[in-house]
Amino acid sequence: MNDFRYVSGFLKKHIWKYVFGIMLLMIIDALQLITPLLIGNFTDALKTGTLDAPTILKLIVYILAIAIGVAIGRYGWRMTIVTTAKKLEYWLRNTVFEHLEKMSLNYFNHHKTGDLMAHCTNDISSIRNAFGGGVIMLVDALFMGLMTIAIMMVRIDLKLTLIALIPMPLIAFFIIILGKKVRQRFKEVQEAFSDLTDVAQENFSGVRIIKSFVQEAPSLKHFNEKNQNNFNKNIKLAKLFGMVNPMVGFIAMLSTLIAMIYGGGLVIDGAISIGDFVAFLTYVGMLAWPMMALGFVYNQLQRGQVSLRRINTILDTPPEIFDEDVIDALNESFALRPKLEVKDMTFTYPGSESPVLKNISFNLGEGETLAIVGKTGSGKTTLVNLLLKLYQVPDGTILIGDQDINRIPVKKLRHMMGYVPQDNFLFSKTVLYNVGFGTEGINETEGTKYTKIAQIHSEIKEFPKGYATELGERGVNMSGGQKQRVSIARALSKKPEIIILDDSLSAVDTKTEESILTHLKETLVDTTSILIAHRISTIKHASQIIVLEDGEIVERGRHEELLSKDGIYADMYRKQLLEEKISEA
Ligand SMILES: Nc1ncnc2c1ncn2[C@@H]1O[C@H](COP(=O)(O)OP(=O)(O)OP(=O)(O)O)[C@@H](O)[C@H]1O
């Protein structure tokens, strides 16, 4: 497949900048080629004794003019080609990030964060190098090389040029042989870097666990191994590249040697002047650079190609969840009522063999509260993940406002939901930013409305800068209970039509819990609620309670009904009452 499939649109749009930059580059190269001719003339004039002051002055003016022209031109192509390559880098990073944001949870379950970070940094930078420095050097080296050869042929001596160039095809041969190996080794380098980034990221994220388990030494050892692997892979690649430049330099030297032997003979025979001979040797010397540059360019372009392929792999992966065959959300008649129906739903995680949820069915009317209880691992979070369509939902199994969830635009669906996940992730920004996260941004007065319901307002006020207090990475300067309550306020500030609390009161004491629940009940009169909880006290007022076991609903009803059934729920309740009594005693 075409490696340029994703960047071709961008390149087409900016092609004129490249054309202009390349033209400037060629003009500068042509200007640079005049200098040896001037030096040749100067040498001849010296020999024939025709050198006078006006000639020297003319020469100085020419050389100065060329130098100024070259300096301006160089600035010009830098501003065009280099800035376009930087724009490509910026655009590509945004494109990849935007694409990754569309991916479902399943994608992130199977791709390591560090790996994705390495793609977004290292790979995209090496693509920029290929499209910036790589293109410049390629054009420069080819143009300079070909022009130099042409001048040598036309201006000095065709036969001498051809003879001097005999060793050159060796370079092409050499580069072709190395090609496949270089790509393979660079791929290994990028993979090793991804691994290293991943270990670093995981160690920083898990630093609290590492420290509390005194695992600094093993984690350093693990990091060292990855670092060593990254180093080894880089050295392996460097060894390959290390061969390119000396080899190219050696071949260029062979050309100089041939030029000196054969060209010297031509001067002795009087076939060419000493001036031409000096100019020829200068040209052969000038050829060494394009040849070396070709070796370097080759390196950059190979790296760029490998990275482009890695990025293409990300962009080739279609989002698992996307709006297909959905209802036009702008249609005025499109108004979803916050009621829910789950119909005989069975769900298996992608890549897993056995279902996590089996034949789940329930109805939840507008403004009603559904509570889900069950042992850990019974499928509670999976069920709410599906209601949020974080995973692909089997057709016809979840209806929201009588519409199949798969026909509702994903954004519309998630806008109507306020979700308080188990993992109370907060961003390392201000408290107010976190409270108003799902909105266009809210002011403190408005934020206060929600933090008061979540019973966290007075504690926020005690923070050094109140609502403007910056939270550390993952909100470290807040307790677990405080984070939970900020997460509740964040969900409320969205003014959701359906609110989902996944074990969101587990880190607060029963008194605070009761207070939060009372406030929620008063505020969310019309809001449909789903509560997942381990504590029966959290859910006993729900209009409907379902008990999950191994992915199946094994009991359902209101609190009193379930107690009278004397099953799993009643057993849980009795145990919790006993625990409470013991802890009170
Ligand atoms: N991404 C996943 N891929 C495969 N299996 C998964 C995935 N996420 C969860 N599971 C499995 O699905 C089952 C239900 O998990 P789930 O998180 O829904 O349970 P839960 O009832 O919410 O548990 P808890 O009360 O501990 O939060 C578990 O066996 C779990 O191992």
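Going by what an unreviewed UniProt entry lists, the protein is known as ABC transporter ATP-binding protein and is assigned to Fusibacter bizertensis. Recorded under Subcellular location (unreviewed entry), the UniProt text for the protein is reproduced unchanged: "Cell membrane".

Caption draft 1: Representation of the site of the ligand in the model. Within the structure, the ligand sits among 15 residues, and Thr-376, Lys-380, Thr-381, Thr-382 and Gln-422 are positioned closest to it. Residue Thr-376 places a side-chain N or O atom 2.6 Å away from an oxygen atom belonging to the ligand. Here Ser-378 contributes a backbone N or O atom positioned 3.1 Å from an oxygen atom of the ligand. For the ligand, the accessible surface in isolation is 640 Å², of which the surrounding protein chains cover 64%. Tallying contributions element by element places helix α11 (residues 380–387) first for the shell around the ligand, with three residues. Looking at the shell around the ligand, its residues break down into three nonpolar, ten polar and two charged.

Caption draft 2: A look at the pairing of strand β8 (residues 528–532). Of all five residues that make up β8, five are buried, and the element is covered over most of its length. Side chains Thr-528, Ile-530 and Ile-532 project from β8 onto one buried face, and the interleaved Ser-529 and Leu-531 project onto a second face that is buried too. In this structure, strand β3 (residues 369–374) lies alongside β8, joined through four bridges in parallel fashion. Pairing of Thr-369 across the sheet is with Ser-529, part of β8. The pairing of strand β7 (residues 498–502) with β8 spans five bridges and is classified as parallel. From the neighbouring strand, Ile-499 faces β8, where its bridge partner is Ser-529. Regarding the hand of the β-α-β motif, the stretch spanning β7, helix α17 (residues 510–523) and β8 is right-handed.

Caption draft 3: Spatial organisation of the environment of Tyr-573. Locating Tyr-573 in the fold gives a position in helix α20 (residues 568–584). The buried category is assigned to Tyr-573, whose relative accessible area is 19%. Excluding residues within four positions of it along the chain, Tyr-573 makes contact with Ile-536, His-559 and Leu-563.

Caption draft 4: Geometry of the sheet that holds strand β1 (residues 340–347). Spatially, the four strands line up as an open sheet ordered β2-β1-β4-β5, and their pairing is antiparallel. Sheet topology places β2 (357–364) and β5 (403–404) at the edges, where each strand pairs with a single neighbour. In this sheet, β5 lies alongside strand β4 (residues 398–400) in antiparallel orientation, the contact comprising two bridges. Directly across from Leu-399, in β5, lies its bridge partner Asp-404. Those strands touched by α11 are β1, β2 and β4, and its axis lies near 120° from that of β1.

Caption draft 5: Region of interest: the domain arrangement of the protein. The assigned domain composition of the protein is domain 1 (8–316), domain 2 (340–416 + 496–584) and domain 3 (427–485). The gap between the C-alpha centroids of domain 2 and domain 3 is 26 Å. Opposite the twelve residues of domain 2 that make contact, domain 3 presents seven residues. When the two sides are added together, the surface that domain 2 and domain 3 hide from each other amounts to roughly 690 Å², 62% of it contributed by carbon and sulfur. It is Ala-507, Ile-516 and His-519 in domain 2 that bury the most area against domain 3; as a group they hold 43% of the surface buried on that side. Put simply, domain 2 and domain 3 have zero salt bridges between them. Taken together, the links from domain 2 to domain 3 amount to four residue pairs in polar contact (both at pLDDT 80 or more).

Thresholds, definitions, all that
Residues numbered from 1 in each chain as written. Predicted model: local features only at pLDDT ≥ 70, side-chain atom pairs only at ≥ 80, totals over all residues. Heavy atoms only, no water. UniProt positions renumbered as here; feature names shortened; annotations may be inferred. Near = heavy atom within 4 Å. Polar contact = N/O pair within 3.5 Å; in protein donor to acceptor, adjacent residues only side chain to side chain. Areas by Shrake-Rupley, 256 points an atom, 1.4 Å probe, with all protein chains shown as cover. Helix = DSSP H or I, 4+ residues; strand = E, 2+ residues; numbered from the N terminus. Nonpolar A, V, L, I, M, F, W, Y, C, P; charged D, E, K, R; others polar. Buried < 20%, exposed > 50% of the residue type's maximum accessible area, 1.4 Å probe, protein only. Pairing = 2+ DSSP bridges. Right-handed = clockwise from strand over helix to strand, strands pointing away. Contact = heavy atoms within 4.5 Å. Axes fitted to C-alpha atoms, helices over the stretch in contact; angles between N-to-C directions. Domains from an automatic or database assignment. Buried area = accessible area lost by both parts, 1.4 Å probe. Salt bridge = Lys/Arg side-chain N within 4 Å of Asp/Glu carboxyl O.

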